[in-house]
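Here is how the chains run, residue by residue.
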Amino acid sequence: MGGVAGGRLAAAVSAAGGLGMVGMGSTATATALRTELAALADTSRFGIGLVDWVIRAQPDLFDAALAARPTLLSVSFGADLSWVERARAAGIRTVTQVYDADDARRAAAAGVDLLVARGAEGGGHGDVRLATLPLLDAVLDAVTVPVLAAGGIASPRSLAAVLAAGASGAWLGTCLSACAEASTGDAARRALIAAAGTDTVTTRAFDVGQRLDWPERFPSRVLRNTFTDRWTGREDVLAGDRDAEAELAAGIAAADQRVAPVDAGQGVGLLTGSRPVAAVLDELCTGALNLLGGWV
């Protein structure tokens, strides 16, 4: 949730009983991370999420993350797991997203403490080969470390489902993106609340249009708009179209949701308004526990 999960959202999640993550996306810098960490105020329990290929280009960003002494450090979207040893040597627990059983085994063998099985329903970047529940089954069969489920979890029922399937918890994104504490812009927040679950699309158009170096393996699930309609599947043409690049930049600057990207998973249709984080988490957890109590 780079650009959405800043220090303020992370602090609110931790205050409500979860572990809030400061998400640093593909345009992250060490300076930007320090700014978001300052917004945590006196929050002592927090995590930091980084993009693998970004910290390769900006080692000072990883150094700044280690220096912050987070409770949990997440690095995803890469195959090089050498970062794990440095984090664990600093006494920091580690987590990474995985997309199949082989990913899970490699991560566990490298010493990662906690895995996130991120299904194709999830918003933002990720591999889209397996849905959340089949992926969770495969990962739980492959490793013995704790596994969190991610992708499409936005209601007490979906949370209860992954917990009943064996997940140790849930890694939440879209259901928190419309909260008042998120760094989501007003126009994007309105678009999220208005969207149906069928209004998302998986695309590389925004990455190519912004000249971001995301690997092809990791497209992004976003709200569908006129830009995705025009360019999804035509990214090779988009890569050389400077007018489209300028149009996208202008749309982002103007928060024009007909053009600008808004990350969203398939649980987006369950968003009904902008509520405080504490209210969202209380509803999810209380409802899920009630459902599980009746089930067992």
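Everything here concerns the structure above.
Just so we're clear, the structure is a prediction, and the values are computed from it rather than from any experiment.

Scoring rules and cut-offs
Residues numbered from 1 in each chain as written. Predicted model: local features only at pLDDT ≥ 70, side-chain atom pairs only at ≥ 80, totals over all residues. Heavy atoms only, no water. Disulfide = S-S within 2.5 Å. Buried < 20%, exposed > 50% of the residue type's maximum accessible area, 1.4 Å probe, protein only. 1 Å grid on protein atoms, 1.4 Å probe; cavity = no way out; pocket = protein on both sides within 12 Å on 5 of 7 lines; lining within 4 Å. Points joined across faces, edges and corners; volume = space filled by probe spheres on them. Helix = DSSP H or I, 4+ residues; strand = E, 2+ residues; numbered from the N terminus. Nonpolar A, V, L, I, M, F, W, Y, C, P; charged D, E, K, R; others polar. Pairing = 2+ DSSP bridges. Contact = heavy atoms within 4.5 Å. Axes fitted to C-alpha atoms, helices over the stretch in contact; angles between N-to-C directions. Salt bridge = Lys/Arg side-chain N within 4 Å of Asp/Glu carboxyl O.

> Account for the state of the cysteines, with residues named and values stated.
Under the counting rule described, the total for this entry stands at 0 disulfides. Left unpaired, C175 is separated from the closest cysteine sulfur, that of C179, by 7.2 Å. The thiol sulfur of C285 is not disulfide-bonded, and the nearest other cysteine sulfur, from C175, lies at 9.7 Å. Here C285 falls in the partly exposed class, since its relative accessible area comes to 41%.

> I'd like to hear about the layout of surface pockets, residue by residue, with values.
Any empty space left between atoms is shown by rolling a water-sized probe over those atoms. The calculated volume of the second largest pocket comes to roughly 210 Å³. Lining the second largest pocket are 14 residues; nearest its centre among them are G78, A79, Q97, D103 and R217. For the lining of the second largest pocket, the secondary-structure elements that each account for two or more residues are β4 (93-98) and α6 (101-109). Split into classes, the residues belonging to the lining of the second largest pocket amount to 7 nonpolar, 4 polar and 3 charged.

> So what's going on with the sheet that holds strand β5 (residues 114-118)? Residues and values would help.
One open sheet accounts for 7 strands, arranged β1-β2-β3-β4-β5-β7-β8; its pairing is parallel. Of all the strands in the sheet, the pair left with one neighbour each is β1 (21-23) and β8 (169-170). Along the sheet, α6 contacts β4 and β5; its crossing angle with β4, the most-contacted strand, is approximately 165°.

> Talk me through the pattern of salt bridges; I want residue IDs and the actual numbers.
Taken as a whole and assessed by the stated rule, the structure comprises 17 salt bridges. The salt bridge involving R56 is made with D80; its shortest N-O contact spans 3.7 Å. Of this pair, R56 sits in helix α3 (residues 52-57) while D80 sits in the loop between β3 (72-76) and α5 (83-89), and the two are 24 residues apart along the sequence. Among the residues examined, R56 registers a relative accessible area of 37% and is labelled partly exposed. Of the residues examined, D80 reaches a relative accessible area of 37% and is grouped as partly exposed.

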